[in-house]
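The primary structure of each chain is shown beneath.
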Amino acid sequence: MEALLSKTFQNLSKNSIANKMAKKYGLRFGAKRFVAGSNLEQAVDCVRELNSNGMLAMLNYLGEFTNSKTSAAETTEDLLRTLDAIKDHQLNCYLSIKLTSIGLEIGEDVCSENLQRILDKSEATDTFVRLEMEDYSNCQKTLDIFKEMKTKYRNIGTVVQAYLYRTENDINDLNNYNANLRLVKGAYNESSEVAYPNKADVDKNYKNIITTHLLNGNYAGIATHDDDAIRHTIRVAERNEIPKNNFEFQMLHGIRPELQKQLRDEGYKVRVYLPFGNEWFGYFMRRLAERPENLTFVVKNTFKK
Ligand code: FDA
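Please read these numbers as outputs of a predicted model, since none were measured by experiment.

Thresholds applied
- Residues numbered from 1 in each chain as written.
- Predicted model: local features only at pLDDT ≥ 70, side-chain atom pairs only at ≥ 80, totals over all residues.
- Pairing = 2+ DSSP bridges.
- Helix = DSSP H or I, 4+ residues; strand = E, 2+ residues; numbered from the N terminus.
- Axes fitted to C-alpha atoms, helices over the stretch in contact; angles between N-to-C directions.
- Contact = placed C-beta atoms within 7 Å.
- Near = placed C-beta within 6 Å.
- Nonpolar A, V, L, I, M, F, W, Y, C, P; charged D, E, K, R; others polar.
- Domains from an automatic or database assignment.
- Expected span 1.5 Å × (residues − 1).
- Buried ≥ 20, exposed ≤ 12 C-beta atoms within 10 Å, placed from the backbone.
- Arc of directions from axis to C-beta.
- Parallel < 35°, antiparallel > 145°, perpendicular 65-115°, else oblique.

## What to know about the sheet that holds strand β8 (residues 270–276)
Taken together, eight strands build a closed barrel; the order of strands is β1-β2-β3-β4-β5-β6-β7-β8 and the barrel is parallel. Averaged over all pairs of adjacent strands, the angle between strand axes in this sheet comes to 30°, irrespective of strand direction. Along the sheet face, helix α6 (residues 139–150) touches β3 (129–131) and β4 (156–161) and points at about 155° away from the line of β4.

Here you go:
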């Protein structure tokens with residue numbers, strides 16, 4: 001039953017009619033639990049609320065699928081507007097972006113040009129920008145672009161994925177750049193040629209890379225909802241006298257909110273990932289596909305505005 005529901009949500013996430021209807025009618029069906037809003041204003045309100053509750057935020061713009069230079073340029077404009085809004089509203093928030101949304105798959109030159117505009121603005125507004133890590137085919141390109149930009153811009157970081165065999169080496173290489181890294185387990189379906197097929201190995205490697213990166217002394221965003229990995233981080237930090245401001249916990253909006261508050265109350269920095277934008281429906285369906293138990297929220301909220 002769970003597998004069937006998961007498959008249904010995966011299919012719905014790509015259904016063009018459902019996506020069009022979702023755009024027309026705005027956030028519905030309890031999507032607010034996972035998505036900050038269908039536009040920038042709603043996202044700003046959501047960040048404000050988090051900030052007033054002692055939480056940090058990061059905004060991720062869910063734009064149109066980018067298959068042309070024009071759509072990559074449009075997404076770039078939306079991201080520039082988001083940086084302006086972060087500055088204008090004095091939000092404790094940064095920007096998290098997918099390089100494919102600004103043209104990585106069209107050409108590295110297109111992507112770099114758009115990224116430089118974003119990073120110029122990030123310097124001007126003193127706002128951090130994180131390059132997310134996507135599927136394996138874009139991994140090396142993302143790291144190359146990150147390294148090139150890191151020599152010119154301060155406010156930039158990227159992500160590494162524990163499921164990839166290469167990641168321990170990447171972390172040590174990125175240490176030469178004092179990289180601010182978000183550490184994740186990894187979200188894409190990768191082949192066993194490049195990634196650990198067993199979850200237990202991914203979980204083990206996740207703890208290993210957390211230790212390596214923290215001991216290297218670079219800033220870490222520990223992006224997980226996994227109690228075991230979180231307690232491991234705290235143990236490593238305490239044993240090695242790593243100050244609480246050298247790392248932060250990051251979680252998705254709406255997932256384990258009680259744990260987010262608990263960590264905040266223990267004095268840790270907690271940053272919440274806030275996706276927003278027109279393309280909210282696909283993101284929402286993917287969260288349900290990951291965990292069909294979240295369906296309870298949909299049922300409760302179907303008749304609410
Ligand atoms: P795991 O999947 O083992 O889950 C641990 C526990 O968390 C579960 O037992 C459950 O209790 C809870 N949980 C997890 N997912 C849940 C859900 N949907 N609903 C309710 N409870 C849930 N990936 C990537 O490849 N590139 C990237 O750039 C990013 N960026 C990113 C940012 C942030 C802030 C987060 C939190 C995650 C990412 N990811 C990502 C996704 C990441 O790779 C991974 O797929 C998910 O975080 C799920 O893995 P966990 O570490 O939470 O552990």
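## With respect to the site of the ligand
Around the ligand lies a shell of 23 residues, among which E132, V184, A187, T224 and H225 are the nearest. Listed by contribution, the elements that provide at least two residues to the shell around the ligand are β4, β7 (247–252) and α11 (280–290). Looking at the shell around the ligand element by element, the count peaks at three residues for β7. In the shell around the ligand, the residues fall into ten nonpolar, six polar and seven charged. Two domains each donate at least three residues to the shell around the ligand, and these are domain 1 (1–35 + 280–305) and domain 2 (36–276).

## Thoughts on helix α5 (residues 108–125)
Since the α-helix packs 3.6 residues into each turn, any two residues three or four apart lie on the same face. Over its 18 residues, α5 runs 25 Å from end to end, which matches the ideal 26 Å to within 8%, given 1.5 Å per residue. Within α5, burial applies to C111, N114, L115, I118, L119, K121 and S122. Around the axis of α5, the buried residues are gathered within 160° of arc, so they sit on the same side. Opposite the packed face of α5, turned more than 90 degrees from it, sit the exposed residues D109 and A124. In this structure, the buried residues of α5 make contact with α4 (69–88), β3, α6 and β4. Looking one or two places after α5, you find D126, whose phi comes out positive at around 50°.

## Regarding the packing of α4 against α5
For any two helices packed against each other, the geometry comes down to the angle between their axes and how far apart the axes lie. Relative to each other, α4 and α5 sit at 10°, their axes nearing to 10 Å. The angle between α4 and α5 places the two elements in the roughly parallel class. Along the contact surface, α4 presents K69, A72, A73, T76, L79, L80, L83, D84, I86 and K87, while α5 presents V110, N114, R117, I118, K121, S122 and T125. When the residues that make up the contact of α4 with α5 are grouped by side-chain class, the tally is eight nonpolar, four polar and five charged.

## Focus on the domain arrangement of the protein chain
Domain parsing of the protein chain yields domain 1 (1–35 + 280–305) and domain 2 (36–276). Counting residues at the interface gives seven residues for domain 1 and eight residues for domain 2. For the side of domain 1 that touches domain 2, a count of residues per class yields five nonpolar, one polar and one charged.

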